[in-house]
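Observations on chain architecture
For reference, the chains in residue letters:
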Amino acid sequence: MERLSNDERNEIFRRVEENIRVLKEKAGEAAVRSGRRPEDITILAVTKTVPAEIINHAIHCGMTHIGENRVQELLEKYGQLDLSGCKAQIIGTLQTNKVRKIIGLVEMIQSVDSGRLAAEINRVGEQKGVVTDCLVEVNIGREENKGGIAPEALDELLGEIAPMKAVRVRGLMAIPPICETASQVRRYFSQMTQLFLDRKGKTSDNISMDFLSMGMSADYEEAILEGANYIRPGTALFGHRTYPKLR
């Protein structure tokens, strides 16, 4: 594949800048409509298959959180990323045998969905002297092909995590089913918000309900309107992932 010219590179960067501007504007408007402030919404840029140079440009344009789906892809990019003003997270399914590779590198793991995974994060964290922030992933649509725990299993999992010293639950995460209408997806978001609010008063030393992470490129406005304070856009920021070589 041929490398990009400076003009082509600059055009990609310009599109990313414009996408960031539009996304922040729309997310801010949704926040205000939901009775909150734009700054109450955290935007995590999903960087799956995005080259490090484009990620760095987004960071320089104000993105303060990035999320990778796969551990291996994060590790391949990590040394090329300018994370001085940005935090990296894992947002995809995490296998227990990959936990050691990321503890201490990532700010948060958004996809904790079993006591076994939490226990491994805790075990490695205790060995390394690191406390890892996590979100519990809920399979709000009860889809067999998706990760996350069933809503009725949430309290049991939180109870398992409560004694762990190197895991700190900061809230919940969900990926709703693909829906045909905004009203349909909002129902799933509303159910997640109710789970989140119901547990706000049941916190412990290492469990709090600070972040409700839901909403991606196609539905982040609906998610914010229903109570999300953490959104995970990817395509809305970086476009479709077909990047030629930048160098």
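A short tour of the structure in this document, coming up. (Residues numbered from 1 in each chain as written. Predicted model: local features only at pLDDT ≥ 70, side-chain atom pairs only at ≥ 80, totals over all residues. Heavy atoms only, no water.)

**A look at the packing of helix 1 (residues 6-33) against helix 2 (residues 52-60)**
Here helix 1 crosses helix 2 at 45 degrees, and the two axes come no closer than 10 Å. Accordingly, the angle class assigned to the pair helix 1 and helix 2 is oblique. In this structure, helix 1 crosses over helix 2, and the sense of that crossing is right-handed. Listed contacts from helix 2 to Arg-9, Ile-12, Phe-13, Val-16, Glu-17 and Ile-20 of helix 1 are Glu-53, Ile-54, His-57 and Ala-58. (Axes fitted to C-alpha atoms, helices over the stretch in contact; angles between N-to-C directions. Helix = DSSP H or I, 4+ residues; strand = E, 2+ residues; numbered from the N terminus. Parallel < 35°, antiparallel > 145°, perpendicular 65-115°, else oblique. Left-handed = near helix turned anticlockwise from the far one by under 90°. Contact = heavy atoms within 4.5 Å.)

**Focus: the pattern of salt bridges**
One pass over the structure, following the stated rule, counts 18 salt bridges. Note that Arg-21 and Glu-25 form a salt bridge whose closest N and O atoms lie 3.3 Å from each other. Separated by four residues within a single helix, Arg-21 and Glu-25 lie in helix 1, roughly one turn from each other. On the basis of relative accessible area, Glu-25 is assigned to the partly exposed category, the value being 43%. When the shortest N-O distance is used, the salt bridge between Arg-168 and Asp-133 registers 2.5 Å. Of the two residues, Arg-168 sits in strand 7 (residues 167-174) while Asp-133 sits in strand 6 (residues 132-138), which places them 35 residues apart along the sequence. (Salt bridge = Lys/Arg side-chain N within 4 Å of Asp/Glu carboxyl O. Buried < 20%, exposed > 50% of the residue type's maximum accessible area, 1.4 Å probe, protein only.)

**Side note on the packing of aromatic side chains**
Under the criterion given, the structure shown has one aromatic pair. Plain terms: the ring middles of Phe-211 and Tyr-230 are 5.2 Å apart, the flat faces sit at 75 degrees to each other, and that makes the pair edge-to-face. Here Phe-211, found in strand 8 (residues 207-213), pairs with Tyr-230, found in strand 9 (residues 230-231); they are 19 residues apart in sequence, far enough to count as distant. Each member of the pair, Phe-211 together with Tyr-230, is buried. (Phe/Tyr/Trp six-rings, centres within 6.5 Å; stacked < 30°, edge-to-face > 60°.)

**A word on the pairing of strand 8**
Buried residues dominate strand 8, accounting for six of its seven residues. Pairing of strand 7 with strand 8, which is carried by four bridges, proceeds in the parallel orientation. Pairing of Val-169 across the sheet is with Ile-207, part of strand 8. Assessed by its sense of winding, the connection that carries the chain from strand 7 through helix 7 (residues 182-198) to strand 8 is right-handed. (Pairing = 2+ DSSP bridges. Right-handed = clockwise from strand over helix to strand, strands pointing away.)

**Considerations on the pairing of strand 5 (residues 108-112)**
Of all five residues that make up strand 5, five are buried, and the element is covered over most of its length. Looking at chain direction, strand 4 (residues 87-90) and strand 5 are connected through two bridges and run parallel. Note that in strand 5 the partner of Ile-90 across the bridge is Ile-109. In the sheet, strand 5 pairs with strand 6 via three bridges, with the strands oriented parallel. Paired with Ile-109 across the strands is Cys-134, a residue of strand 6.

**Remarks on the side chain of Asp-133**
Asp-133 sits in the buried class, given a relative accessible area of 9%. In terms of polar contacts, Asp-133 uses its side chain to reach the side chain of Arg-168, at 2.5 Å. When neighbours within four sequence positions are excluded, Asp-133 is seen to be in contact with Glu-107, Met-108, Ile-109, Arg-168 and Arg-170. (Polar contact = N/O pair within 3.5 Å; in protein donor to acceptor, adjacent residues only side chain to side chain.)

**Looking at helix 3 (residues 71-78)**
Of the residues making up helix 3, those classed as buried are Val-71, Glu-73, Leu-74 and Lys-77. Around the axis of helix 3, the buried residues are gathered within 165 degrees of arc, so they sit on the same side. Each element contacted by the buried residues of helix 3 is listed here: helix 2, strand 3 (65-68), strand 4 and helix 4 (99-102). (Arc of directions from axis to C-beta.)

**Side note on the environment of Gly-171**
Assignment of secondary structure puts Gly-171 in strand 7. Separated by 40 residues in sequence, Gly-171 and Phe-211 place their C-alpha atoms 4.7 Å apart. When sequence neighbours within four positions are dropped, the list of residues in contact with Gly-171 reads Cys-134, Leu-135, Val-136, Phe-196, Ser-208, Met-209, Asp-210 and Phe-211.

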